[in-house]
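A closer look at the structure
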Amino acid sequence: MFPCIFKLQELLPGTVAKPLRRMAYKGEDGIQPLILMERIRVDGAAADASFNASTGELRWGSSAGVNWCLMMESEVLGFKTKGVKIIVKAFVFASKGASLGASGGKRARTRKDFVLEMPSEQCAMIWSDQFGDLINSFGRPRRLFIILNPYGGKRCALKIFQNDVKPLLEASGILYTLQETSYQLHARELAHKLDLLKYDGIVCVSGDGVLVEVVNGLLRREDWDTAVKVPLGIIPAGTGNGMAKSLLDSAGDSYSVFNAVFAIIRGHRRSLDVTTVQQGEARFFSVLMLTWGFVADVDIESEKYRWMGSARFDFYSFLRVVNMRKYHGNVQFVPAAGYEIYGEPVDWRESCKDEVPEQTFGVAARVQQCRYTGPKISLEDLEWKSVNGPFILVWLNNVPWSGEDVMPAPEAKFSDGFLDVVIVKDCPKAAFLSLMLKMNDGSHVKSRYVMYLKVKAFRLRPGQRVGYPDKGGIIDSDGEVIARGEGTYECSLQETDLMAYGPPIQMTVDKGLATIFSPK
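Residues numbered from 1 in each chain as written. Predicted model: local features only at pLDDT ≥ 70, side-chain atom pairs only at ≥ 80, totals over all residues. Heavy atoms only, no water.

Per an unreviewed UniProt entry, the protein chain goes by Sphingosine kinase protein and derives from Dioscorea alata.

**Quick word on the overall build of the protein chain**
Rules: Helix and strand labels come from DSSP, where a helix needs a run of H or I of at least four residues and a strand needs a run of E of at least two; each type is numbered from the N terminus. The classification of residues rests on relative accessible area computed with a 1.4 Å probe and restricted to protein chains. Under 20% of the type maximum is buried, over 50% is exposed, and intermediate values are partly exposed. The contact definition used throughout considers only heavy atoms, calling two residues in contact when any of these lie within 4.5 Å. In this description, accessible areas are obtained by the Shrake-Rupley approach with a 1.4 Å probe, and a residue is regarded as covered only by the protein chains that are shown.
Of the regular secondary structure elements, the protein chain holds 13 helices and 25 strands. The buried share among the 520 residues of the protein chain stands at 53%. In the protein chain, the proportion of contacts linking residues at least 24 apart, taken out of those at least 6 apart, comes to 70%. With an accessible surface of roughly 22700 Å², the protein chain has 51% of that area assigned to carbon and sulfur atoms.

**What about unusual backbone geometry?**
Peptide bonds are trans in most cases, and residues, glycine excluded, mostly fall at negative phi. Of note, the amide linkage connecting G389 to P390 takes the cis form, showing an omega dihedral of 5 degrees. Relative to the elements of secondary structure, P390 occurs in the loop between strand 19 (384–388) and strand 20 (393–397). A positive phi angle, near 50 degrees, is found at D43, a position not held by glycine. You can see D43 is positioned in the loop between strand 3 (30–42) and strand 4 (45–52). Look at D478: it is not a glycine, yet its phi comes out positive at around 55 degrees. Note that D478 resides in the loop between strand 23 (474–477) and strand 24 (480–484).

**Structural notes on the packing of helix 9 (residues 294–301) against helix 10 (residues 311–322)**
The test is simple: Axis lines are fitted through C-alpha atoms, for helices just across the contact stretch, and the angle between N-to-C directions can take any value from 0 to 180 degrees. Orientation categories follow fixed angle ranges, with anything under 35 degrees roughly parallel, anything over 145 roughly antiparallel, 65 to 115 roughly perpendicular, and all other angles oblique. Working rule for handedness: look at the near helix, and if it is turned counterclockwise from the far one by less than a right angle, call the crossing left-handed; if clockwise, right-handed. In the scheme used here, Gly and all other residues not listed as nonpolar or charged are polar, with Ala, Val, Leu, Ile, Met, Phe, Trp, Tyr, Cys and Pro taken as nonpolar and Asp, Glu, Lys and Arg as charged.
Viewed as axis vectors pointing N to C, helix 9 and helix 10 meet at an angle of 130 degrees, and their least axial separation amounts to 9 Å. Of the possible angle classes, the one that applies to helix 9 and helix 10 is oblique. By crossing handedness, the relation of helix 9 to helix 10 is classed as right-handed. Note on element contacts: helix 10 touches helix 9 through R312, F313, Y316, S317, R320 and V321, opposite F294, D297, V298, D299 and E301. When grouped by side-chain class, the residues that make up the contact of helix 9 with helix 10 number five nonpolar, one polar and five charged.

**What to know about the confidence of the model for the protein chain**
Note the following rule: One number per residue, pLDDT, summarises how confident the predictor is, and it ranges from 0 to 100.
Here the protein chain shows a mean pLDDT of 86. Residues at 70 or above account for 85%. In the predicted structure, residues 98–105 sits below a pLDDT of 50 and forms 14 contacts with residues beyond four places in sequence or in another chain. Predicted confidence is poor over residues 358–368, with pLDDT under 50, and the contacts of this stretch with residues over four places away or in other chains come to 21 contacts.

**Description of the pattern of salt bridges**
Our working definition: Salt bridges are defined by distance alone: a side-chain nitrogen of Lys or Arg within 4 Å of a carboxyl oxygen of Asp or Glu.
According to the stated counting rule, one finds twelve salt bridges in the structure shown. Put simply, R320 and E301 hold a salt bridge, and the shortest N to O gap is 3.9 Å. Here R320 is found in helix 10, whereas its partner E301 is found in helix 9, with 19 residues between them in sequence. In this pair, the class of R320 matches that of E301, namely buried. Taken together, the salt bridges that share partners define one network made up of D297, E301, R320 and R325.

This is the structure we're talking about:
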């Protein structure tokens, strides 16, 4: 492979006095362009510029000693050509400047435009064609369906979209359709009926709840097996925002709306496990977590303090620690390799003799819409373990973070085919408060009061509150109450719940069933 340099003015007569040079190499398919080099002006200052179409590096340096290197894939949103000018729309680290190359670490990014003034329009056309060919090869989305929840968090999703999301999408040339939700489960209806052929992805500007609704809507379609592979995106604008935090943290990116939007623009995708939560014929599909006990009580009962934003969780957690609750019950699970030491062996066939009550509470209407019925695995051939209560909390997680500053499952993976389980049976109040504070870095799993394990399948039989036989608990999956017992928060609404409180609820994991936009 021998490089050779061509004088482009031989191909484009009368272009510039100083020749534009194109470095090329001889490949199997003939001459392939590799590097463009030219004397140009950048933001008005003369500079020697080069573009490597193979690596995506756009470099320039000036006599003033300013040297830049932009990586097309990881730092450029898009570009626009006007005559001899190419406006490169970048999203770079705020501290990036002279003589910096590839960037990394959890630093803030900022929007910045660079104006590249070429010697001629022909020259600008050649460079912009190379830019366009490379960016188009990245597989970035071109059309997105955006679902915005105006009621989530502090009701600032629309402001976030207008100020932070829309400018980045427009700079990238991405077309979008924006739809606001008007009521609970509206996002599920939209995903169920959406013409998916018109879009390259579905993006939720919300907390985690809307994302979960979208997954449930896709899995209720007749074409669920292809629909669930449509890439999903999440831009944090709610209260919890655990999925967005988990995605950004996994790539070493700082948590921000801008970084979440840029991850979607870049178009990288990763598989995502989906958990089927089932009781009889009733099903709910989870991608984030399921809780019972302390965490579910805090998540749901703190709704009355929603005006406080995410601070409501800290406030109500303290109240619940002071008045600690425990619940009778039993959990059964199929442990992953390395976690067999937990629990006592149990005969799954015997445990399945539990009767499930007739499906009431309007469940039938929801069940009829469900096309996907869960992973095809034989549960009776697996080795089950059992743990009896009372329990302070039972917390199943699909991703590491449940919120911006709470990491209950530090070992959780997006598509490993397992749920990470946190179980606390007994713990003094002071120790439990300390344990909860350690969840900001995942060190709580080292506590002797915590049972932490990975499971392939899980079965929960919830019981009544210790000392209060007339009061049950709450089972919360991804922010939605799926079952609640007597005497719980807003118990009068339990006729709308999907499942009954008391009979077993079973969870099975379908590895990598869904697809989500990811920073890497």
